[in-house]
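# A structural walkthrough
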Amino acid sequence: MLSGKDIASRTLIPAIPLLTAVAIVLCLQGAADDHPVPQRPELRSISVDSPQALHQALQEYDFQWPPEQRVPAVAVESFPTGMAEQEVNLRKSLFFRSLLPLILAENEKILAKREELTSIHEKLERDSNAELSDEERTLVEHLQQRFRVEGDIRDIAVRDKLFRRIDVIPPSLALSQAANESGWGTSRFTREANNLFGEWTWNEEVGLVPQQRREGATHFVRVFPDLHASVRSYIHNLNIGHAYTLLRQLRAEARQAGRTATGMELAQGLERYSERGQDYIREVRSMILQNDLHELPEELELVSEP
């Protein structure tokens, strides 16, 4: 199992500073008034100091594992100390229930961006010379900058590249990688930095020094304010990193075939996530199967009330 101590094997791209809340609000107001962004349930924060308190808090939302189709919109801020001492099944249940709503919330945001891009794509498909509104141009500029895609949005190849990058990550893949990388929430980097996926940074002001960092290396393990920020950064890295082109290609091919890509499929695109290559892919897939993550309902819905 890969944990924080194996961080030196990471090939993730450097962390990208988050956009300010004001910029996000201005840029994501919608491509047009007839295509409003769907209202998403607001996540309710959960902050606890023990695994028992975490279990009780999740029980109050009637949040069981494995989940039904409806998942409570809750956000566990950090894993409490003592996770390693919990009985295995309880530890896994607490871990998965803490992260699933965060993954779903980020996927919903991505789908909203994709819907806005779709409205612009359809407009340009009807008329390649169509005039874009100020709001549409602002949105396009934001998406191209955020997802690192250059070129003229009127070019279908540019839009295709954007669509490949603006898409969701299967919860089964995110959960299995998080469990693998964080030692089920017990690694030093998860406990001290809310870093679930071993993401690096080269900014020492927002990072921790890895205990086994090679001589001459200058990277740090990125510190996140909460677990949600770590999940958000992980999904973004898979969506823009050069190392994960195959993952995005497999995902796009599944969409073209009219279906949703599975975590088992997309794991094939993680060869460069670790120096262990195919062995790492086998670990991720094994964790998906061993924990029945491939059996999660396809249509999981984030709801304000259980």
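Analysis parameters
Residues numbered from 1 in each chain as written. Predicted model: local features only at pLDDT ≥ 70, side-chain atom pairs only at ≥ 80, totals over all residues. Heavy atoms only, no water. Salt bridge = Lys/Arg side-chain N within 4 Å of Asp/Glu carboxyl O. Helix = DSSP H or I, 4+ residues; strand = E, 2+ residues; numbered from the N terminus. Buried < 20%, exposed > 50% of the residue type's maximum accessible area, 1.4 Å probe, protein only. Phe/Tyr/Trp six-rings, centres within 6.5 Å; stacked < 30°, edge-to-face > 60°. Arc of directions from axis to C-beta. Contact = heavy atoms within 4.5 Å. Polar contact = N/O pair within 3.5 Å; in protein donor to acceptor, adjacent residues only side chain to side chain.

## With respect to the pattern of salt bridges
Charged atoms that come close allow side chains of opposite charge to pair. If you walk through the whole model with that rule in mind, you get 15 salt bridges. Residue Arg-251 pairs with Asp-167 through a salt bridge whose shortest N-O separation is 3.9 Å. Placement of the pair is Arg-251 in helix H9 (residues 245–256) and Asp-167 in the loop between helix H5 (156–165) and helix H6 (171–182), with a sequence separation of 84 residues. The exposure class assigned to Arg-251 is buried, which follows from its relative accessible area of 4%. For Asp-167, a relative accessible area of 3% puts it in the buried group. A single network of salt bridges, built from pairs that share partners, joins Arg-114, Asp-167, Arg-251 and Arg-255.

## So, the packing of aromatic side chains
Here the structure, examined in full by the defined rule, presents eight aromatic pairs. Here Phe-95 and Trp-184 contribute two aromatic rings whose centre-to-centre distance is 5.4 Å and whose plane-to-plane angle is 70°, an arrangement assigned as edge-to-face. Separated by 89 residues along the polypeptide, Phe-95 in helix H3 (residues 88–126) and Trp-184 in the loop between H6 and helix H7 (188–193) bring together distant segments of the chain. The class of Phe-95 is buried, set by a relative accessible area of 0%. Judged by relative accessible area, which is 7%, Trp-184 ranks as buried. Each ring, one from Phe-197 and one from Tyr-234, has its centre 3.8 Å from the other, and the planes form 5°; the classification is stacked. Here Tyr-234 lies in helix H8 (residues 227–240) and Phe-197 lies in the loop between H7 and strand S4 (200–201), a separation of 37 residues in the sequence.

## Points about H5
Turning to H5, its buried residues are Val-158, Arg-159, Leu-162, Phe-163 and Arg-165. Viewed end-on, H5 has its buried residues packed into an arc of 165°, placing them on one side of the element. Buried residues along H5 sit against H3, helix H4 (134–146), H8 and H9. For H5, the capping residue at the N-terminal end is Asp-155, with a side-chain oxygen 2.9 Å from the backbone nitrogen of Ala-157.

Just geometry here; none of it tells us what the structure is for.
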